[in-house]
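Here's the letter readout for the chains.
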Amino acid sequence: MLRLDPVRVEMPATAEEAVALLHQHQEGARLVAGGTDIVPNLKHNLLEPVVLVHLGRAQNALSGVQDDGDHLVIGAMTTLHDISVNPLVTAHCPALADAAHHVAGPQLRRMGTIGGNLCLDTRCLYYNQTYFWREALGFCLKKDGTQCHVVAGGKKCVAAASNDGATALLALGADLTILGPDGSRTLPLADFYVADGVRNTVLARDEMVTSVRVKKAGPHRREGFAKLRHREAIDYPMLSVAVALHVDDNDIVEAATLIVNALAARPKSVRLDFCVGKKWDAALDEDIAARAHKQCTPMTNICDDPGWRKDMVPVYVHKALRKARA
Amino acid sequence: MTEPKTVHAHGTTIEHSVERPHQGPGLGGRGRKVDGSQKATGRVLYADDIMLPGMLHCKIKRATRAHARIVDIDLSAALALDGVHAIITGQDLPTKYGIIPWTKDERALCKDKVRFIGDGVCAVAADTEELANLAVRKIKVTYEDLDPVLDTDTAAQTGDDERSKVNEKAKRGNITKRVELSFGDVDKALAEADVVVDDVFQFQGTTHAAIEPHCAIGDYDVGRGMLTVISATQVPHYLHRDLAEVLGLPQNRIRVKQPPVGGAFGGKSEPFDLEFCVGQLSMITGRPVKCLYTREEVFYAHRGRHPMRMHFQAGAKKDGTVCAVKSHIDIDGGAYASFGMITAYYAGQLLTGPVGMQNYAFTSTRYYTNKPACGPKRGHGSVQPRFAFEIQLDMLAERLGMDPMALRKKNFVGEGQKTVNGQQIGSSGLHECLDAVAKASDWANRYGKLPRGRGLGVATSMYISGTNYPIYPNDMPQSGVQVALDRSGRVRIFSGASDIGQGSDSVLAQICAEELGVDIDSVQVVSGDTDLCPVDLGAYSSRVTLMMGHAALEACRTVREKVQSALAAFWNRDEAAHKVTGGQCTPTDVALEGGRAWYLNDTSLAVSVTDAFRIAEAHWGTVGATGGYRTKERGGEYRGGTIGSSPAYSCTAHVADVEVCEQTGRILVHKIWVAHDCGRALNPVLVEGQMEGSTYMGFAEVALEEMLYGANAVRQGMLVGPSLLDYRIPTTLDTPAIEALIVEKPDPNGPYGAKEAGEGPLHSTIPAVANAIYDAVGVRLFELPFTPHKVRQALAQQAQAAEKAA
């Protein structure tokens, strides 16, 4: 089997100690939470850290879901499994619970954390492979090479964000708490991702996400999540869709967010301004799905069949909307 | 039942009121596997679990080019690493080998050129696996690119010059083997047919995806000059032979041990580079050397299902008689021949039953290409044409207005008959299999009558129970078994057969228990070790139960007769027993059943089997026997007529219940019923396991699995995603309900009537699903796998055609 190259592992007891280690080693350090993304990536020689900062000892302090009035605060080390079954999350942010439940398989959900999911490295057919395979390919511009195999002549990496947690939390308008050497800061998740497949977040090398704050649904938010994947378990999304509609008592839309993920480095926010003031009915669903279809353009970064994936965008938007209505 | 009182070899205590059990514990029972609890509790040591003192680790440097000449190999940086003990290249092991003696076309490591991305170039032995990996990275190989040949069309037009000849073993161009056979006058019959169908089918390449990766340990005993190779193989005997040839050791200085294997499915049925490399590296270093493939290397070792493009024409008469079938098949073989010569034959030879045809012709050509070599995967060579033929049968039935089951029954080649290509059918339960799946699926009320989007489909197939000829011509048994009795009451049975999870050890133990009347836990099976066991040719071609079974039967019955005659003599002699037998006990009056030996004329006279064994040992001395099986010469009287001829043929029918989502193109298989005639189910649980596993594997090939290669210039010859994340096998959530229905039509050539069950039940899964899709939405799909994209395209074409017609 694939082996991990020897690497030093530090196990700080607190988030502050972890950040201090990150600050000390900068590019040479990588954070390990559940390890479900980074371990295979290390085995593929996609990262070459000098030190791994393992958060195992800090997990308890960084885990759990707190009820904070009209918000939930979720520790970054809360596992995806715990989120998927947490009564507060299933009651107040059902799309997030659903998204967490759709990540990978049971074993991986019990290891993988929401913080790790939000910070997931982007994925590509030409990147998530062994060193041998990538060498035979001639490498790619995300790692060790200069050429993009998805976009001929492309100079910008288009590896895809593949985190279902991000899809749901973006739709729900979550904020992140980020700890750095100079203390904590709060950042809207919407400002967290950038359109660069090499590194698709604004997180500095010496920062870590410590918690996520997300508004409870309340009586006027309707939300739904849907995921297209090859199999009913294990697979990363080919499309990850989350929708949140704020409607008044008469089903008139006050605000609407639709996120489609797994297209490119940054989760796609489909503009739904046109919905505001309209009645949420089947016709509006059609319009939303059509708008998404128009705005989303899958590439060959994660699957060889972008045409079919594009056709599936409205189907899965409808699916998410059906869940929101239910 | 009360236990008789103590009985012992020195005298007999008569116990009345003991009833003899009806049947021994061995046969036909739903007993668990003899190794089941060991596997469940983690006691089993697979090859990679074995650690020997001082063991080194081997990794193999693999080619990053699809087709290139090796210009230079620079080992200096790797050899300079502390802890690297030896590195070998193709120069060190120049002898060619190959599973088929006529196509020895590969080397343990490439000598002059590489033929696919992943071909082995050098092998390193180092203190740790990590260090071996580092050394592999430090080896610099300089290549000069040649022309890669990546598909059969290109292969058909190239190979006449060095730049485009994939493998120098090809006599003409890039052809491994072409087979052209004709039975009757197929063109005339096609011309005279009332209905003719004519289509091109494409079967994708798929691989075995056994969960245990290949692993081997070489252990050279310098003092004795004796090499032991422990390997996760299905063919210890062939490995033994090829190791001797390539490493230049006499066969009697090599021992091959096969530990329990974690799945094989044909993917471990020939020697692989790692086995030679660990042997050679151990001989160089004098230390044990282990090599464990990564999952990616398993994909490169491959030997999986051949991609085939198949042009099929089939004609039928108004009454449903299939009068002609003609096929032209191009087979994409990859870089080496493997079993390819046989594949080219099987692609045509195994299609002629259980649904026969009056006239038949096929041309099949296997080409070399610059990709990992294809070989035998469960249902070797015949799963692909079966897919094409069974769809065409469905089409013919529709054109004729016949039920597709009725059409199949109409053309049944049954018991005692010969197929059009001369294969002798023993038993065949086609009717019973069809009836079983029809009943279970409520075919009469549901086929053709479900609302659009839901449908049923049927398909059938047959398969061999071993081949009549061994891979290398010889007059020795294809399977040998030795049995030895122990005065403790245990029985040891030695067989070279390989238990790869299919349960051959359990079958051996069951036969032994049945014949000697012992409980199954008193049987010690010793298998898969060339030093300890007589030769069995290996776990392939669905041959083991039939051939090993016969050998075991012969050995066990010889031993049983010894026990019977010793006991008869004893009971005539012993004072107490004599009162019962009157000195008239003959060997056949003695029965070994239920842990005891019984006097059949008066079952109050009985001893434990242990005592019976002691009496026999006292009578004969140490008691043991051998048994062997060799097929009688069978098959058609023409060149190639023996290939595909088998002592017995199994028979299968599938019905699939499928829903098609027209919006996404996804097919949702609700349920598959599989009926399989295995002759006699020696252990129904094992048979059902094989039926379910085969059907699962077939379903995987319909829905998901595909060996995809990069098409553009940069990715030429690169396997897309050689991992179990990108090569997707169905999870439990994706797998349909499968119901296995055993049909038993005992075959005169099978042990207790048994035939194969391991491969046949895969074949018709695939066309059954295809035919169900047609029943559901009226589209025919000719290209596997049936991805949602392809299904939607077919539906779109259907809609366009309907629009045009309107």
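On a predicted model such as this, the values are computed, not experimentally measured, just so you know.

Engineer: Where do I start with the overall build of chain A in this structure?
Structural biologist: Check the secondary structure of chain A and you find 11 helices and 12 strands. By the compact-globule yardstick of 20 Å for 326 residues, chain A fits well, its C-alpha radius of gyration being 19 Å. C-alpha extents for chain A along the principal axes are approximately 60 × 45 × 35 Å. Burial status across chain A gives 57% buried among its 326 residues. Of the contacts formed within chain A by residues at least 6 apart in sequence, a portion of 62% connects residues at least 24 apart. By element, 53% of the accessible surface of chain A is carried by carbon and sulfur atoms, the whole surface being about 12,800 Å². If you average the places of the 37 positive and of the 37 negative side-chain charges in chain A, the two averages end up 4 Å apart.

Engineer: How should I be thinking about the sheet that holds strand β1 (residues 8–10) of chain A in this particular structure?
Structural biologist: Sheet strands associate in pairs through backbone hydrogen bonding, adopting either a parallel or an antiparallel arrangement. Residues and elements named next belong to chain A. Across the sheet, 3 strands lie side by side as β1-β3-β2; this open sheet has parallel pairing. The open sheet has two edge strands with one neighbour each: β1 and β2 (29–32). Each strand of the sheet is rotated relative to its neighbour by a mean of 30°, with strand direction disregarded. Taken together, the 3 bridges between β1 and strand β3 (residues 51–54) define a ladder with parallel strand orientation. When the bridges of β3 are listed, Glu10 appears paired with Val53.

Engineer: Before we go on, may I ask you to explain the state of the cysteines in this structure?
Structural biologist: The term disulfide refers to a covalent linkage connecting the sulfur atoms of a pair of cysteines. Residues and elements named next belong to chain A. Inspection of every chain in the model, using the stated rule, returns 0 disulfides over all chains. The closest cysteine sulfur to the non-disulfide-bonded Cys303 is located on Cys124, 12 Å from its own sulfur. Looking at Cys303, the relative accessible area reads 7%, which means it is buried.

Engineer: Help me understand the packing of aromatic side chains, please; the structure alone is not making it clear to me.
Structural biologist: The geometry of two aromatic rings is summed up by the distance between their centres and the angle between their planes. All names here are of chain B. Under the defined criterion, the tally for this structure stands at 19 aromatic pairs over all chains. An angle of 35° between the planes, with centres 5.6 Å apart, marks the rings of Tyr360 and Phe362 as tilted. Taking relative accessible area as the criterion, Tyr360 reaches 0% and is therefore assigned buried. Taken together, a centroid distance of 6.3 Å and an interplanar angle of 70° make the contact between Trp571 and Tyr599 edge-to-face. Residue Trp571 is found in helix α15 (residues 544–573), and its partner Tyr599 is found in strand β21 (residues 596–599); the two are separated by 28 residues along the sequence. Three or more aromatic residues joined by ring pairs form one cluster here, namely Phe201, Phe203, Phe312, Phe387, Phe782 and Phe786. In this structure, Lys562 packs its charged tip against the face of Trp620, placed 5.8 Å from the ring centre.

Engineer: Quick question: what am I supposed to make of the pairing of strand β3 (residues 84–89) of chain B here?
Structural biologist: Residues and elements named next belong to chain B. Within β3, 5 of the 6 residues are buried, which leaves the element mostly enclosed by the surrounding structure. Bridge count between β3 and strand β5 (residues 120–126): 5 bridges; the pairing is antiparallel. Residue pairing for β5: Ile88 is matched across the bridge by Ala123.

Engineer: I keep staring at the packing of α15 of chain B against helix α17 (residues 609–620) of chain B and nothing clicks. Help me out?
Structural biologist: When two helices pack together, their arrangement is given by the angle between their axes and by how far apart the axes lie. All names here are of chain B. At a minimum axis separation of 8 Å, α15 and α17 run at an interaxial angle of 85°. The angle between α15 and α17 falls in the class roughly perpendicular. Residue-level inspection shows Lys562, Val563, Ser565, Ala566, Leu567, Ala569 and Phe570 of α15 in contact with α17, the latter providing Ala612, Phe613, Ile615, Ala616, His619 and Trp620. Residue composition of the contact of α15 with α17, grouped by class: 10 nonpolar, 2 polar and 1 charged.

Definitions and limits used
- Residues numbered from 1 in each chain as written.
- Chains lettered and ligands numbered in written order.
- Predicted model: local features only at pLDDT ≥ 70, side-chain atom pairs only at ≥ 80, totals over all residues.
- Heavy atoms only, no water.
- Helix = DSSP H or I, 4+ residues; strand = E, 2+ residues; numbered from the N terminus.
- Rg over C-alpha atoms; globule rule 2.2 N^0.38 Å.
- Buried < 20%, exposed > 50% of the residue type's maximum accessible area, 1.4 Å probe, protein only.
- Contact = heavy atoms within 4.5 Å.
- Areas by Shrake-Rupley, 256 points an atom, 1.4 Å probe, with all protein chains shown as cover.
- Lys, Arg positive; Asp, Glu negative; His and termini not counted.
- Charge placed at Lys NZ, Arg CZ, Asp CG, Glu CD.
- Pairing = 2+ DSSP bridges.
- Axes fitted to C-alpha atoms, helices over the stretch in contact; angles between N-to-C directions.
- Disulfide = S-S within 2.5 Å.
- Phe/Tyr/Trp six-rings, centres within 6.5 Å; stacked < 30°, edge-to-face > 60°.
- Lys NZ or Arg CZ within 6 Å of the ring centre and 35° of its normal.
- Parallel < 35°, antiparallel > 145°, perpendicular 65-115°, else oblique.
- Nonpolar A, V, L, I, M, F, W, Y, C, P; charged D, E, K, R; others polar.

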